[in-house]
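# Architecture and fold: a report
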Amino acid sequence: MEYTIIRVYRVPADTQQQATDRFMEARELGVERDFHVRDLVKVEGRFAVMPRQQSWWELIRRQLLGR
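This is a predicted model, so every value here is computed, not measured. (Residues numbered from 1 in each chain as written. Predicted model: local features only at pLDDT ≥ 70, side-chain atom pairs only at ≥ 80, totals over all residues. Heavy atoms only, no water.)

## Here we look at the overall build of the protein chain
For the protein chain, the count of helices and strands is two helices and three strands. Shown N-terminal to C-terminal, the secondary structure of the protein chain runs as helices and strands in the order β-α-β-β-α. Across the 67 residues of the protein chain, 12% fall into the buried class. Taking as baseline every contact in the protein chain between residues at least 6 positions apart, the subset at least 24 positions apart corresponds to 51%. A total accessible area of about 5,800 Å² is found for the protein chain, and carbon and sulfur atoms account for 51% of it. (Helix = DSSP H or I, 4+ residues; strand = E, 2+ residues; numbered from the N terminus. Buried < 20%, exposed > 50% of the residue type's maximum accessible area, 1.4 Å probe, protein only. Contact = heavy atoms within 4.5 Å. Areas by Shrake-Rupley, 256 points an atom, 1.4 Å probe, with all protein chains shown as cover.)

## Here we look at the confidence of the model for the protein chain
Residues of the protein chain with pLDDT of at least 70 account for 70%, and the chain-wide mean is 81. Taken element by element, the protein chain is modelled with least confidence in strand E3 (residues 46-50), mean pLDDT 66, and with most confidence in helix H1 (residues 16-29), mean pLDDT 94. (pLDDT = per-residue confidence, 0-100.)

## So, the pattern of salt bridges
A side chain of one charge can pair with a side chain of the opposite charge if their charged atoms are brought near each other. Enumeration over the complete set of coordinates arrives at one salt bridge. For Asp39, the salt bridge goes to Arg7, with nearest N and O atoms at 2.8 Å. Here Arg7 lies in strand E1 (residues 3-9) and Asp39 lies in strand E2 (residues 36-43), a separation of 32 residues in the sequence. Owing to a relative accessible area of 45%, Arg7 belongs among the partly exposed residues under this scheme. (Salt bridge = Lys/Arg side-chain N within 4 Å of Asp/Glu carboxyl O.)

## Concerning the side chain of His36
Locating His36 in the fold gives a position in strand E2. What makes His36 buried here is its relative accessible area of 9%.

## Some words on the side chain of Asp39
Under the relative-accessibility criterion, Asp39 is labelled buried at 19%. A polar side-chain atom of Asp39 sits 2.8 Å from a polar atom in the side chain of Arg7. Looking at Asp39, its side chain comes within polar contact range of the side chain of His36, at 2.9 Å. (Polar contact = N/O pair within 3.5 Å; in protein donor to acceptor, adjacent residues only side chain to side chain.)

What follows is the structure, given as structure tokens:
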């Protein structure tokens, strides 16, 4: 069986170039998860939305430490 996994990111910007630059900078800094919205998994021609799950500890750590 073969799966296609698509990560969806939402990056606020005025232009496509600015969004690309901002996202590439986030990837270099290792914080692209700040823009992550959802994962899509395609199984044999169908898409299944996989919700992004976070533990309460991950949410607190991210807010307090910015990671």
